[in-house]
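Coordinate inspection notes
Letter by letter, the chains look like this.
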Amino acid sequence: MKHFISMQQLSKETMNQILKEAELIRKSPKTINKQLFAANLFFEPSTRTKMSFEVAQRKLGLEVLNLYEEGSSLIKGESLYDTAKTFEAIGADFLVVRHPSDYWMDEIEEEGQLNIPVFNAGSGKEEHPTQCMLDLLTMYQEFGNVEGKKVVIAGDIIHSRVAKSNARALEKLGADVYFSAAPGFEDHSLPFPYITMDEAVEIADALMLLRIQHERHIHKTETDDYLSLYGLTMERAARMQKHAIIMHPAPINRGVEIDTRLVESKQSRIFKQMENGVYVRMAILIHVLKEWGIINENDINECKALNII
Ligand code: ASP
């Protein structure tokens, strides 16, 4: 694997291998016994992804460099490529990048060549592969396998990178993927059937809710009736199958896409997803660093197994 940019580049086998590794790390944490510098370059706001990458890096024993846009040369107009190349020159061993452009990695590669791996922590409306992997881990823990499972992704599909990464990966893994969206939020370039929220709650094994991506809208979206028309209300949740789970990448708009009482309900896996983000990112880092030859088996220490089920 080259850079970790898109779910479309990952085979079913690679996804399964990383998920297995993440599950092993959850039970027996691992550390890397070598001085490596991780550089986190975030050009869009982030709470979970940034902190979770940083916890993953620190748990692995890595040195962490964080770039803050305000204090950097980006405000002097430095390009993303030049910023990335600078981190490579000063000794970063890999980069974690979030940027509002849909295809920032292509833009970097058009400008020149990076000789260290890059991990996509969110590219515009297109891809969020590490979020997708933690979502898959959450579903695997629940169902063992997603093959034949009905997964409904509901909300602002067209502006959501989470929807796109998940839909494509889940389809590859054999899940039945459905979309549910308010008028104007559909993305008809993707080949998945649309159903209403009332239909969604009846059939879903996993119901993945999405935040309305206000920052990517040209006009302000009114949300007064959103919950009752398109969201997960208490009444709709009561019609979900007993084994079905509620997911959300967060941040959550409580009372908009989901009734606030459901956020920490028995069927919700929202905080579990966040916890899984750390294990999955540790597994992805190890996987890619090994593929690049930056580390090998001898550089990895396995800690004592924890008592987790
Ligand atoms: N945190 C996710 C993302 O970065 C979802 C969201 O922001 O709504 O795409």
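Rules and cut-offs
- Sequence order sets the numbering: in each chain, residues are counted from 1 along the sequence as written.
- Restriction of local features to residues with pLDDT of at least 70 applies here, the model being predicted, together with a cutoff of 80 or more for giving and counting side-chain atom pairs; totals for whole chains, interfaces and linings are based on all residues.
- With hydrogens and water set aside, each side-chain value is computed from the structure's full complement of heavy atoms.
- Residues enter patches when their relative accessible area tops 30% and they take part in no salt bridge; the joining distance is 9 Å for like charges and 5 Å for the nonpolar side chains Val, Leu, Ile, Met, Phe, Trp and Tyr.
- Method for areas: the Shrake-Rupley scheme with a 1.4 Å probe, in which residue coverage is limited to the protein chains shown.
- When a carboxyl oxygen of Asp or Glu is within 4 Å of a side-chain nitrogen of Lys or Arg, the pair counts as a salt bridge.
- Under the convention used here, Asp and Glu are negative, Lys and Arg are positive, and both His and the chain ends fall outside the count.
- In plain terms, the charge of a residue is placed at NZ if it is Lys, CZ if Arg, CG if Asp and CD if Glu.
- Each helix is a run of DSSP H or I of at least 4 residues and each strand a run of E of at least 2, with the numbering of both proceeding from the N terminus.
- Each axis is a line fitted through C-alpha atoms, taken for helices only over the stretch in contact, and angles between the N-to-C directions span 0 to 180 degrees.
- Working rule for angles: under 35 degrees goes down as roughly parallel, over 145 as roughly antiparallel, 65 to 115 as roughly perpendicular, anything else as oblique.
- Contact between two residues is taken to exist if any of their heavy atoms lie within 4.5 Å; hydrogens are not considered.
- Classification convention: Asp, Glu, Lys, Arg as charged; Ala, Val, Leu, Ile, Met, Phe, Trp, Tyr, Cys, Pro as nonpolar; all other residues, Gly among them, as polar.
- On a range of 0 to 100, pLDDT expresses the predictor's confidence in each residue.
- By convention, a stacked pair of Phe, Tyr or Trp rings (six-membered ring in the case of Trp) has centres within 6.5 Å and planes under 30 degrees apart, an edge-to-face pair has planes over 60 apart, and any other such pair is tilted.
- Exposure classes here rest on a 1.4 Å probe applied to the protein chains alone. A residue is buried below 20% of its type maximum, exposed above 50%, and partly exposed in between.
- Any Lys NZ or Arg CZ that is within 6 Å of a ring centre and within 35 degrees of that ring's normal is treated as a charge sitting over the ring.
- For this analysis, a polar contact is any N or O atom pair within 3.5 Å, provided that within protein one partner can donate a hydrogen and the other can accept it, and provided that sequence-adjacent residues contribute only side-chain to side-chain pairs.
- The nearness test applies per residue and asks whether one of its heavy atoms lies within 4 Å of the molecule or strand.
- Strand pairing is assigned whenever DSSP detects at least two bridges linking the two strands.
- Seen with its strands pointing away from the viewer, a crossover is right-handed when the path leading from the first strand over the helix to the second is clockwise.
- As used in this record, nonpolar core signifies buried Ala, Val, Leu, Ile, Met, Phe, Trp, Tyr and Cys residues forming a set joined through side-chain atoms within 4.5 Å.
- One fewer than the residue count of a helix, multiplied by 1.5 Å, yields its expected span.

With respect to a negative patch on the surface
A cluster of like negative charges, contributed by E78, D82, D106, E107, E110 and E111, occupies part of the molecular surface. Per element, the largest residue contribution to the negative patch is 4 residues, and it comes from helix α4 (residues 104-111). Here E107 shows up in helix α4.

Description of the packing of helix α1 (residues 12-27) against helix α5 (residues 129-143)
Viewed as axis vectors pointing N to C, α1 and α5 meet at an angle of 70 degrees, and their least axial separation amounts to 10 Å. Relative to α5, the element α1 lies roughly perpendicular. Here M15, N16, I18, L19, A22, E23 and R26 of α1 lie close against α5, whose contacting residues are M133, L136, L137, Y140 and Q141. Residues that form the contact of α1 with α5 fall into these classes: 8 nonpolar, 2 polar and 2 charged.

Quick look at the confidence of the model for the chain
Note: predicted coordinates in regions of low pLDDT should not be interpreted at a detailed level. Overall, the predicted model of the chain reaches an average pLDDT of 95, with 98% of residues at or above 70. Within the chain, the element-level pLDDT minimum falls on strand β10 (residues 300-302), averaging 93, and the maximum on strand β6 (residues 150-154), averaging 99.

Topic: unusual backbone geometry
Put simply, A250 and P251 share a cis peptide bond, and its omega is 5 degrees. Inspection of the secondary structure assignment puts P251 in the loop between β9 (245-247) and α10 (270-291). Although it is not a glycine, A250 adopts a positive phi angle of roughly 65 degrees. Considering the arrangement of structural elements, one finds A250 in the loop between β9 and α10.

Focus on the packing of aromatic side chains
By the definition in use, this model includes 6 aromatic pairs. Residues F185 and Y226 carry aromatic rings whose centres are separated by 6.4 Å and whose planes lie at 50 degrees to one another, so their mutual orientation is tilted. Here the residue F185 occupies a position in the loop between β7 (176-180) and α7 (197-203), and Y226 occupies one in helix α8 (residues 226-230), the gap between them amounting to 41 residues. In terms of burial, F185 and Y226 fall into one category: buried. An aromatic cluster is present here, built from F4, F94 and F119 joined pairwise through their rings. When the ring centre of F53 is taken as reference, the NZ or CZ atom of R281 above it lies at 5.1 Å.

Let's talk about the side chain of T130
In this structure, T130 sits in helix α5. A polar atom in the side chain of T130 sits 3.0 Å from the side chain of R281. Discounting chain neighbours no more than four positions away, the residues touching T130 are F4, T49, F53, N120, V280, R281 and I284.

Structural notes on the site of the ligand
In the neighbourhood of the ligand, the contacting residues comprise R98, H128, R161, V162, R211, Q213, P249, A250 and P251. Within the side chain of Q213, one N or O atom sits 2.8 Å away from an oxygen atom of the ligand. For the ligand, whose free accessible area comes to 260 Å², the fraction covered by protein is 92%. Its residues assigned to classes, the shell around the ligand shows 4 nonpolar, 2 polar and 3 charged.

Examining the sheet that holds β9
If you trace the 4 strands from one edge of the open sheet to the other, you get β7-β6-β8-β9, paired in parallel fashion. Looking at strand neighbours, the two that pair on one side only are β7 and β9, the edges of this open sheet. Neighbour to neighbour, the strand axes of the sheet diverge by 20 degrees on average, direction disregarded. Contacting β6, β8 (206-209) and β9, α5 runs over the sheet at an angle of about 170 degrees to β9.

What about the pairing of strand β5 (residues 118-123)?
Along any regular strand the residues' side chains alternate between the sheet's two faces. The buried fraction of β5 amounts to 6 of the 6 residues, a majority that puts the element mostly inside the structure. Regarding the hand of the β-α-β motif, the stretch spanning strand β4 (residues 94-99), α4 and β5 is right-handed.

Structural notes on the nonpolar core
Among the nonpolar cores identified, the biggest contains 67 residues, and F119, M133, L136, M139 and I153 are the most heavily contacted of them. Sorting elements by how many residues they give to this core places α10 first, with 10 residues. Core analysis: the second largest hydrophobic core is formed by 21 residues, A204, A237, M240 and A250 among them.

Focus: α10
Here α10 contains 22 residues, and its C-alpha end-to-end distance of 31 Å stays within 8% of the 32 Å for a straight helix at 1.5 Å per residue. Of all 22 residues in α10, 16 are buried; the element is thus mostly enclosed. Looking at the residues trailing α10, positive phi occurs at G293, about 75 degrees.

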